[in-house]
Amino acid sequence: MFLAYHSMIIITHCDEDGLMSAALMYTLNNNAQDQKNQKRNKTLLFFTSPFLLLKRLLTLAYKNVLKHDLCILDLSPTEKTLCLAALFNSVTWLDHHELTINKMQLDYFAKMFKMNFYLAKFKSNTSLMIKHFNLGFTNIANWLDQIDTNAVQHKQAELFRSIVSAYKHSYAGAVLNTELVALTKKIANNLERIENHGFDWIIDEELQNKIDNFKDWLKLKQQEVMQNVKVEKINSLKLAIVKLKESMPVYAITNCLATHKDAPFDVIVVLTRKPKSIKLEFRTHTNFDVLQLARLFGGGGHKVASGATVKPIHDFFIIFKIKEFLHKLKH
Ligand SMILES: [Mn+2]
């Protein structure tokens, strides 16, 4: 699986789970190299979103892909991304989201190209990898499961979420990628320490300031959300619509809306307007299947947490489509 004389490209989801998955992959990769006594030319790491995976693969495929082993983490495969990934020397694909393609298609790619899939429903991609590769990091698996399902209870899960959120709040674009790569390497080199003692040692004065700034900003944003949220009722379903002009962590929206006087909400729609697109996020307080809403817009994810990216059309058309769908549901 790990051909050490090739370079490796890791593409992972730009969130806590994606970062930890990449740290685990770094470690697996290094161990494989030690055993073979070979050195990999280099390992490149890219953070992206499900929507931008296709673009990232296209950009990378334009360079000499045959030299590279590709590894994709915490991002679900589509027909198009599978086709592009097949161009690389070899592919290792690990993901825990609901599949959008059927098993026959996957089997075809696995048979035709050097592609290894491990796609299974786990609470986090991190716990999937820890189980699959028998890594034994039970605390890390548990913390990332809590983060990825927005059920944070442990202090270390909350701390790691704050660290990654603070990075994403402080940096953007290529600089964010560079900073997250450095953080991933730091974590990869200290997995035992994290498993036994958590993340406190990572926090220096500079990072603490970033976390404090992020938390202050988040409090203001949460107040805005509570003031501007639109609540609607469709049949017996309660719907909360939040429109944003600047991204903010969706867990923070879901959590503050849980204290709203009309909570719990069956459907939470977060609509973030960006220059060239609109990011849609769907969450629920009541286990309502919001994956079907993301699918309406060509997106994916989990049944209780999903998303899609659409062209910058008027909000009206998006909200209309969601309401129309909910109206037609039988209760
Ligand atoms: Mn994940």
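Remember, predicted model here, so these are calculated numbers, not experimental data. (Residues numbered from 1 in each chain as written. Predicted model: local features only at pLDDT ≥ 70, side-chain atom pairs only at ≥ 80, totals over all residues.)

1. Notes on the overall build of the protein
The secondary structure content of the protein amounts to 13 helices and eleven strands. Computed over C-alpha atoms, the radius of gyration of the protein comes to 20 Å, within 12% of the 20 Å expected from 2.2 N^0.38 for 331 residues, which places it in the range of a compact globule. Expressed along its principal axes, the backbone C-alpha trace of the protein runs to roughly 60 × 50 × 35 Å. The burial tally for the protein puts 37% of its 331 residues in the buried class. The long-range fraction of contacts in the protein, counting pairs at least 24 apart against all pairs at least 6 apart in sequence, stands at 61%. (Helix = DSSP H or I, 4+ residues; strand = E, 2+ residues; numbered from the N terminus. Rg over C-alpha atoms; globule rule 2.2 N^0.38 Å. Buried ≥ 20, exposed ≤ 12 C-beta atoms within 10 Å, placed from the backbone. Contact = placed C-beta atoms within 7 Å.)

2. Overview of helix H5 (residues 125-132)
With six of its eight residues buried, H5 lies for the most part within the structure. What H5 keeps buried is the set Asn125, Thr126, Ser127, Leu128, Met129 and Ile130. Asparagine 134 occupies a position one or two residues after H5 and carries a positive phi of about 55°.

3. Description of the packing of helix H7 (residues 155-170) against helix H10 (residues 205-228)
For any two helices packed against each other, the geometry comes down to the angle between their axes and how far apart the axes lie. It is at 9 Å that the axes of H7 and H10 come closest, and there the two elements cross at 80°. Our classification of the angle between H7 and H10 gives roughly perpendicular. Across from Ser162, Ile163, Ser165, Ala166, His169 and Ser170 in H7, the residues of H10 making contact are Leu207, Lys210, Ile211, Phe214 and Trp217. Of the residues belonging to the contact of H7 with H10, the class tally is six nonpolar, four polar and one charged. (Axes fitted to C-alpha atoms, helices over the stretch in contact; angles between N-to-C directions. Parallel < 35°, antiparallel > 145°, perpendicular 65-115°, else oblique. Nonpolar A, V, L, I, M, F, W, Y, C, P; charged D, E, K, R; others polar.)

4. Topic: the sheet that holds strand S8 (residues 267-273)
Two orientations exist for strands paired in a sheet by backbone hydrogen bonds: parallel and antiparallel. Ordered in space as S6-S7-S8-S9-S11-S10, the six strands form an open sheet in which the pairing is mixed. The sheet is open, and its two borders are formed by strand S6 (230-234) and strand S10 (300-301), each paired with just one other strand. Bridge analysis of S10 against strand S11 (residues 305-310) gives two bridges, and the strand direction is antiparallel. Note that in S11 the partner of glycine 300 across the bridge is glycine 307. (Pairing = 2+ DSSP bridges.)

5. Regarding the sheet that holds strand S4 (residues 90-95)
Strand order in the open sheet formed by five strands is S2-S1-S3-S4-S5, with parallel pairing between adjacent strands. Edge positions in the sheet fall to strand S2 (43-48) and strand S5 (115-119), since each of these pairs with one other strand and no more. Direction aside, the axes of adjacent strands within the sheet are offset by 10° on average. As paired strands, strand S1 (residues 7-13) and strand S3 (residues 68-73) are joined by six bridges and run parallel to one another. Its bridge partner being in S3, serine 7 is matched across the sheet by histidine 68. Here H5 sits on the sheet in contact with S3, S4 and S5, set at roughly 120° to S4.

6. Considerations on the nonpolar core
Ranked by internal contacts, the top residues of the largest apolar core, which has 52 residues, are Ile10, Ala22, Ala23, Ile72, Leu73 and Ile140. No other element matches helix H1 (residues 16-36), which puts seven residues into this core. Contact partners of leucine 73, with chain neighbours within four places excluded, come to Ile10, Thr12, His13, Gly18, Ser21, Ala22, Met25, Leu94 and Asn125. (Core = buried A, V, L, I, M, F, W, Y, C linked by C-beta atoms within 7 Å.)

7. Some remarks on the domain arrangement of the protein
Here the protein is described as being made up of domain 1 (7-203) and domain 2 (222-328). Each of domain 1 and domain 2 has a C-alpha centre, and these two points are 27 Å apart. (Domains from an automatic or database assignment.)

8. Here's the deal with the packing of H10 against helix H11 (residues 250-257)
Two elements in contact, H10 and H11, have axes whose closest approach is 10 Å; the angle formed by their N-to-C orientations is 55°. With respect to each other, H10 and H11 are oriented oblique. Crossing handedness for the pair H10 and H11: right-handed. Only Ala252, Ile253 and Cys256 of H11 make contact with H10, whose side of the interface consists of Leu218, Gln222, Val225 and Met226. Along the lines of polarity and charge, the residues of the contact of H10 with H11 split into six nonpolar, one polar and no charged. (Left-handed = near helix turned anticlockwise from the far one by under 90°.)

9. As for the environment of threonine 27
Along the chain, the position of threonine 27 falls in helix H1. C-beta crowding within 10 Å serves as the criterion here: with 18 such atoms nearby, threonine 27 is assigned to the partly exposed category. Discounting residues that sit within four places of it in the chain, threonine 27 has contacts with Ala188 and Leu191.

10. Here we look at the pairing of S3
Burial analysis of S3 places six of its six residues in the buried class, the great majority of the element. The two faces of S3 match: His68, Leu70 and Ile72 on one face and Asp69, Cys71 and Leu73 on the other face are all buried. Handedness of the crossover joining S3 and S4 through helix H3 (residues 79-85): right-handed. (Right-handed = clockwise from strand over helix to strand, strands pointing away.)

11. As for the environment of phenylalanine 47
Relative to the elements of secondary structure, phenylalanine 47 occurs in strand S2. On the basis of neighbour count, phenylalanine 47 is assigned to the buried category, with 22 C-beta atoms found within 10 Å. For the pair phenylalanine 47 and isoleucine 11, spaced 36 residues apart in sequence, the C-alpha to C-alpha distance is 6.0 Å. Aside from chain neighbours lying at most four places away, what touches phenylalanine 47 is Thr12, Cys14, Gly18, Asn177 and Leu180.

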